[in-house]
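# Topology and contacts: notes
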Amino acid sequence: SPIGVPGCLRLPMRGNLWKRGENLKSWRRRYFWFEDGVLRYRENQGDTTPKGESSISLGDYALPVPYEEYHRYHTFEVVSSDRVYVLAADDHETLQHWLSALKAHTNKRLAFLQENKGLPVVCRVTSAQRVPKADGKRGHVVYNVECNSVGYNWRVQRRYTEFSELHKKLLHEYGNVMKTLALPKFPPQTLLAPSPLEILR
C-alpha cells in the first residue's frame, strides 16, 4: 500500500461505530475511517464532509473499556492529543479489528522514526486549542505543530508539558551551544487560552 505520510501505514479501515457524545452522553451511530494516521468520522457513509478528525501520534492509544464504565459492550477509547473518543463496535470481532489497526499505525510510525533518525525535520507551532475532557469539563491546551522532512508534511499535537520536557533535555545535552544562540526564555505556562504571541514563542 502507498504511504502518504512518512511512517504512516495507509490502512483501509472504515465502518460504522457508535460514538458517545461529549455533552449529552447519548450514543449515535457514525461512519468512521482511519487513513494516513488520521481518524475521521461523519454522520453516515453518504456524507462528504467530516464532522471531526484527530491525528494519531506515538503517544496516543486505543484501549478496550469494561462494560461497567459506560454500560455498553464492545466499547473502547481512542485517546489523542486533541480529544478523547468513546466508541463502541457492534461485536467483539469489529472491536478487535479497530484496535489492531490503530496499534499497527503507532508501531509503523515508531519503526519509521527509529530507522530515519538522521533525517532533518523542520517543525513550527501554527495554532493552539483547548481540548475538553470526555465528561465535558474544562480540559487542557494542545499546540498544533506542522512538520516537514524531505518533502513530507504532517501534523502533530503536543501539550505544554511535552515542550517543557524537550526543552530540559536540550539544555542538558546542548546547554553550552544554546547559550551562544541568545534564545528567548522558555515561555511560562498559562491557565488561559494561548495568545498569538505565546504561540509564536
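Throughout what follows, the structure given in this document is the object of discussion. Residue numbers restart at each chain and count upward from 1, following the sequence in its written direction. Per-residue local features of the predicted model are confined to residues with pLDDT of at least 70, and side-chain atom pairs are confined, for both listing and counting, to 80 or more; whole-chain, interface and lining totals are unaffected and use all residues. By convention in this description, side-chain values take in all heavy atoms of the structure and omit both hydrogens and water.

## Here's the deal with the sheet that holds strand 6 (residues 75-79)
Basically, it comes down to this: Two strands qualify as a pair provided DSSP detects at least 2 bridges between them. Only DSSP runs of H or I with at least four residues qualify as helices, and only runs of E with at least two residues qualify as strands; both kinds are numbered from the N terminus onward. Where helices are involved, their axes are fitted lines through C-alpha atoms of the stretch in contact, as for all axes, and angles between N-to-C directions lie from 0 to 180°.
The seven strands lie next to each other as 4-3-2-1-7-6-5, forming an open sheet whose pairing is antiparallel. Here the strands that pair on one side only, and so sit at the sheet edges, are strand 4 (52-55) and strand 5 (61-65). When strand polarity is set aside, the average angle formed by the axes of neighbouring strands in this sheet is 35°. Across five bridges, strand 2 (residues 27-35) lies against strand 3 (residues 38-42) in antiparallel orientation. Within the sheet, the bridge partner assigned to Phe34 lies in strand 3 and is Leu39.

## Brief notes about the packing of aromatic side chains
This is how the line gets drawn: Any pair of Phe, Tyr and Trp rings, taking the six-membered ring for Trp, is counted once the centres come within 6.5 Å. Such a pair is stacked with planes under 30 degrees apart, edge-to-face with planes over 60 apart, and tilted for the rest. The cut-offs for exposure are 20% and 50% of the maximum accessible area for each residue type, with area from a 1.4 Å probe on protein chains only; residues under the lower value are buried, those over the upper are exposed, and the others partly exposed. Two conditions define a charge located above a ring, namely a distance within 6 Å from the ring centre to NZ of Lys or CZ of Arg, and an angle within 35 degrees of the ring normal.
This model, assessed by the stated rule, comprises seven aromatic pairs. Ring geometry for Trp27 versus Tyr70: centroids 6.5 Å apart, planes at 80°, classification edge-to-face. Taken together, the residues Trp27 in strand 2 and Tyr70 in helix 1 (residues 67-70) connect sequence positions 43 residues apart. On the numbers, 6.2 Å between centres and 85° between planes, the contact of Phe32 with Tyr85 is edge-to-face. Pair noted here: Phe32 is in strand 2 and Tyr85 is in strand 7 (residues 84-88), with a separation of 53 residues, a long-range link. Assigned by exposure class, Phe32 and Tyr85 land together as buried. Through a chain of ring-to-ring contacts, three or more aromatic side chains come together here, namely Phe32, Tyr41 and Tyr85. Residue placement shows Arg72 over the ring face of Trp18; its charged tip is 4.9 Å from the ring centre.

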